[in-house]
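Remarks on the overall topology
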Amino acid sequence: MRRRQAREFLLAALYQREFREVALQELLADQEPGDQLQFIEQVFSGVLAHQKELDERIGERTVGWRFERLAFIDRNILRLGTYELLYLPEVPPEVAIDEAVELCKKYGTENAQLFVNGILDRIWKATLAPGEGIHSDDEERATSEAKAQSGDSGAHV
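A quick note: this is a predicted structure, and the numbers were derived from the prediction, not measured. (Residues numbered from 1 in each chain as written. Predicted model: local features only at pLDDT ≥ 70, side-chain atom pairs only at ≥ 80, totals over all residues. Heavy atoms only, no water.)

Structural notes on the overall build of the protein
Tallying secondary structure elements over the protein gives 8 helices and 0 strands in all. For the protein, the sequential pattern of α-helices and β-strands runs α-α-α-α-α-α-α-α. For the protein, the share of sequence-separated contacts (at least 6 apart) that also reach a separation of at least 24 residues comes to 72%. As presented, the protein carries roughly 8,600 Å² of accessible surface, and 47% of it is formed by carbon and sulfur atoms. (Helix = DSSP H or I, 4+ residues; strand = E, 2+ residues; numbered from the N terminus. Contact = heavy atoms within 4.5 Å. Areas by Shrake-Rupley, 256 points an atom, 1.4 Å probe, with all protein chains shown as cover.)

Following this line, the structure appears as C-alpha coordinates:
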(Lines give C-alpha, C1' and ligand atoms only; values in the text may rest on other atoms or scores of the structure.)
Protein backbone atom coordinates (compact mmCIF):
# COMPACT_ATOMS: atom_id res chain seq x y z
CA MET A 1 0.00 0.00 0.00
CA ARG A 2 1.29 3.47 -0.87
CA ARG A 3 0.94 6.53 1.37
CA ARG A 4 -1.92 7.98 -0.73
CA GLN A 5 -3.79 4.69 -0.44
CA ALA A 6 -3.16 4.76 3.31
CA ARG A 7 -4.74 8.21 3.47
CA GLU A 8 -7.74 6.97 1.47
CA PHE A 9 -8.08 4.05 3.88
CA LEU A 10 -7.83 6.43 6.86
CA LEU A 11 -10.50 8.67 5.38
CA ALA A 12 -12.84 5.70 4.97
CA ALA A 13 -12.07 4.51 8.51
CA LEU A 14 -12.70 7.93 10.06
CA TYR A 15 -15.86 8.33 8.02
CA GLN A 16 -17.15 5.00 9.34
CA ARG A 17 -16.43 6.18 12.88
CA GLU A 18 -18.94 8.97 12.36
CA PHE A 19 -21.68 6.32 12.39
CA ARG A 20 -20.38 3.51 14.61
CA GLU A 21 -17.48 2.73 16.90
CA VAL A 22 -15.21 0.35 15.08
CA ALA A 23 -11.72 -0.82 15.95
CA LEU A 24 -8.93 -0.12 13.52
CA GLN A 25 -7.93 -3.79 13.49
CA GLU A 26 -11.44 -4.71 12.33
CA LEU A 27 -11.15 -2.22 9.47
CA LEU A 28 -7.70 -3.50 8.57
CA ALA A 29 -8.87 -7.14 8.45
CA ASP A 30 -9.16 -7.25 4.64
CA GLN A 31 -6.36 -4.77 3.89
CA GLU A 32 -2.67 -5.22 3.14
CA PRO A 33 -1.15 -2.06 4.64
CA GLY A 34 2.43 -3.28 4.28
CA ASP A 35 4.92 -0.62 5.32
CA GLN A 36 2.08 1.89 5.90
CA LEU A 37 0.72 0.09 8.98
CA GLN A 38 2.60 2.29 11.46
CA PHE A 39 1.46 5.46 9.64
CA ILE A 40 -2.16 4.24 9.61
CA GLU A 41 -2.10 3.32 13.30
CA GLN A 42 -0.43 6.60 14.28
CA VAL A 43 -2.78 8.82 12.30
CA PHE A 44 -5.98 6.92 13.17
CA SER A 45 -5.26 6.90 16.90
CA GLY A 46 -3.91 10.45 16.77
CA VAL A 47 -6.96 11.89 15.04
CA LEU A 48 -9.23 10.18 17.57
CA ALA A 49 -7.11 11.28 20.54
CA HIS A 50 -6.92 14.90 19.34
CA GLN A 51 -10.32 15.13 17.66
CA LYS A 52 -11.66 17.86 19.95
CA GLU A 53 -8.59 20.05 19.39
CA LEU A 54 -8.58 19.37 15.64
CA ASP A 55 -12.27 20.23 15.38
CA GLU A 56 -11.74 23.46 17.33
CA ARG A 57 -8.83 24.54 15.13
CA ILE A 58 -10.82 23.79 12.00
CA GLY A 59 -13.94 25.46 13.40
CA GLU A 60 -12.00 28.65 14.18
CA ARG A 61 -11.23 28.97 10.48
CA THR A 62 -14.56 28.09 8.92
CA VAL A 63 -15.72 31.69 8.63
CA GLY A 64 -19.40 31.76 7.73
CA TRP A 65 -19.86 28.05 8.48
CA ARG A 66 -20.37 26.12 11.70
CA PHE A 67 -18.08 23.10 11.89
CA GLU A 68 -21.04 20.83 12.55
CA ARG A 69 -22.57 21.83 9.20
CA LEU A 70 -19.63 20.51 7.18
CA ALA A 71 -20.26 17.30 5.28
CA PHE A 72 -18.90 14.27 7.16
CA ILE A 73 -16.47 13.44 4.37
CA ASP A 74 -15.08 17.00 4.17
CA ARG A 75 -14.84 17.20 7.95
CA ASN A 76 -12.73 14.04 8.03
CA ILE A 77 -10.48 15.20 5.20
CA LEU A 78 -9.87 18.36 7.24
CA ARG A 79 -9.13 16.31 10.35
CA LEU A 80 -6.59 14.19 8.47
CA GLY A 81 -4.87 17.22 6.95
CA THR A 82 -4.85 19.15 10.21
CA TYR A 83 -3.44 16.19 12.12
CA GLU A 84 -0.63 15.83 9.59
CA LEU A 85 0.13 19.56 9.77
CA LEU A 86 0.23 19.67 13.56
CA TYR A 87 1.58 16.28 14.58
CA LEU A 88 3.62 14.82 11.73
CA PRO A 89 6.67 17.03 11.21
CA GLU A 90 8.12 14.45 8.80
CA VAL A 91 5.31 15.28 6.35
CA PRO A 92 6.00 18.61 4.63
CA PRO A 93 3.04 20.99 5.09
CA GLU A 94 2.66 21.43 1.35
CA VAL A 95 2.34 17.66 0.96
CA ALA A 96 -0.25 17.38 3.75
CA ILE A 97 -2.34 20.14 2.16
CA ASP A 98 -1.96 18.78 -1.38
CA GLU A 99 -2.92 15.27 -0.30
CA ALA A 100 -6.03 16.60 1.46
CA VAL A 101 -6.99 18.51 -1.70
CA GLU A 102 -6.52 15.34 -3.75
CA LEU A 103 -8.82 13.46 -1.34
CA CYS A 104 -11.38 16.23 -1.84
CA LYS A 105 -11.20 15.95 -5.61
CA LYS A 106 -11.83 12.21 -5.40
CA TYR A 107 -14.23 11.94 -2.46
CA GLY A 108 -15.24 15.41 -1.24
CA THR A 109 -18.32 17.46 -1.91
CA GLU A 110 -18.50 19.89 -4.82
CA ASN A 111 -15.83 22.62 -4.55
CA ALA A 112 -14.56 21.16 -1.27
CA GLN A 113 -10.98 21.36 -2.49
CA LEU A 114 -11.08 25.17 -2.45
CA PHE A 115 -12.54 25.26 1.04
CA VAL A 116 -10.20 22.60 2.44
CA ASN A 117 -7.15 24.15 0.80
CA GLY A 118 -7.95 27.56 2.35
CA ILE A 119 -8.60 26.21 5.83
CA LEU A 120 -5.52 23.99 5.93
CA ASP A 121 -3.36 26.80 4.57
CA ARG A 122 -4.55 29.09 7.39
CA ILE A 123 -3.97 26.38 10.00
CA TRP A 124 -0.45 25.87 8.68
CA LYS A 125 0.32 29.60 8.63
CA ALA A 126 -1.01 29.96 12.17
CA THR A 127 1.63 27.43 13.31
CA LEU A 128 4.47 29.51 11.88
CA ALA A 129 6.50 31.85 14.06
CA PRO A 130 4.75 35.11 15.06
CA GLY A 131 4.71 37.63 12.26
CA GLU A 132 4.85 34.98 9.55
CA GLY A 133 1.16 34.02 9.65
CA ILE A 134 -1.67 35.99 8.09
CA HIS A 135 -3.85 38.40 10.02
CA SER A 136 -7.50 37.67 10.79
CA ASP A 137 -8.66 40.28 8.25
CA ASP A 138 -6.67 38.46 5.59
CA GLU A 139 -8.16 35.19 6.80
CA GLU A 140 -11.72 36.45 6.34
CA ARG A 141 -10.90 37.87 2.92
CA ALA A 142 -9.31 34.56 1.83
CA THR A 143 -12.41 32.64 2.93
CA SER A 144 -14.71 35.09 1.15
CA GLU A 145 -12.65 34.82 -2.03
CA ALA A 146 -12.68 31.01 -1.89
CA LYS A 147 -16.45 31.00 -1.40
CA ALA A 148 -16.92 33.49 -4.25
CA GLN A 149 -14.87 31.25 -6.55
CA SER A 150 -16.96 28.24 -5.56
CA GLY A 151 -20.24 30.13 -6.00
CA ASP A 152 -21.06 29.84 -2.29
CA SER A 153 -22.81 32.79 -0.71
CA GLY A 154 -21.70 31.77 2.80
CA ALA A 155 -25.23 31.91 4.18
CA HIS A 156 -24.99 28.39 5.60
CA VAL A 157 -24.69 29.31 9.28
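What follows continues from the structure just given.
Observations concerning unusual backbone geometry
Positioned with a positive phi, Asn 111 is a non-glycine residue whose angle comes to about 65°. Locating Asn 111 in the fold gives a position in the loop between helix H6 (93–107) and helix H7 (112–127).

A word on the nonpolar core
In this structure, Val 43, Ile 77 and Leu 120 are the most contacted members of the largest nonpolar core, which totals 40 residues. Those residues in contact with Ile 77, other than ones at most four positions away along the chain, are Leu 11, Ala 100, Leu 103, Cys 104, Gly 108 and Val 116. (Core = buried A, V, L, I, M, F, W, Y, C linked by side-chain atoms within 4.5 Å. Buried < 20%, exposed > 50% of the residue type's maximum accessible area, 1.4 Å probe, protein only.)

Digging into the side chain of Asp 55
Along the chain, Asp 55 falls in helix H4 (residues 51–60). The exposure class assigned to Asp 55 is buried, which follows from its relative accessible area of 15%.

What to know about a nonpolar patch on the surface
A contiguous nonpolar surface patch, about 290 Å² in accessible area, is contributed by Tyr 15, Phe 19 and Phe 72. Counting through the fold element by element, Phe 72 comes out in helix H5 (residues 72–87). When its relative accessible area of 34% is taken as the criterion, Phe 72 is described as partly exposed. (Patch = residues over 30% accessible without salt bridge, like charges linked within 9 Å, V, L, I, M, F, W, Y side chains within 5 Å. Salt bridge = Lys/Arg side-chain N within 4 Å of Asp/Glu carboxyl O.)

Comments concerning the environment of Glu 32
Among the secondary structure elements, Glu 32 is positioned in the loop between helix H2 (24–28) and helix H3 (37–49). Under the relative-accessibility criterion, Glu 32 is labelled exposed at 68%.

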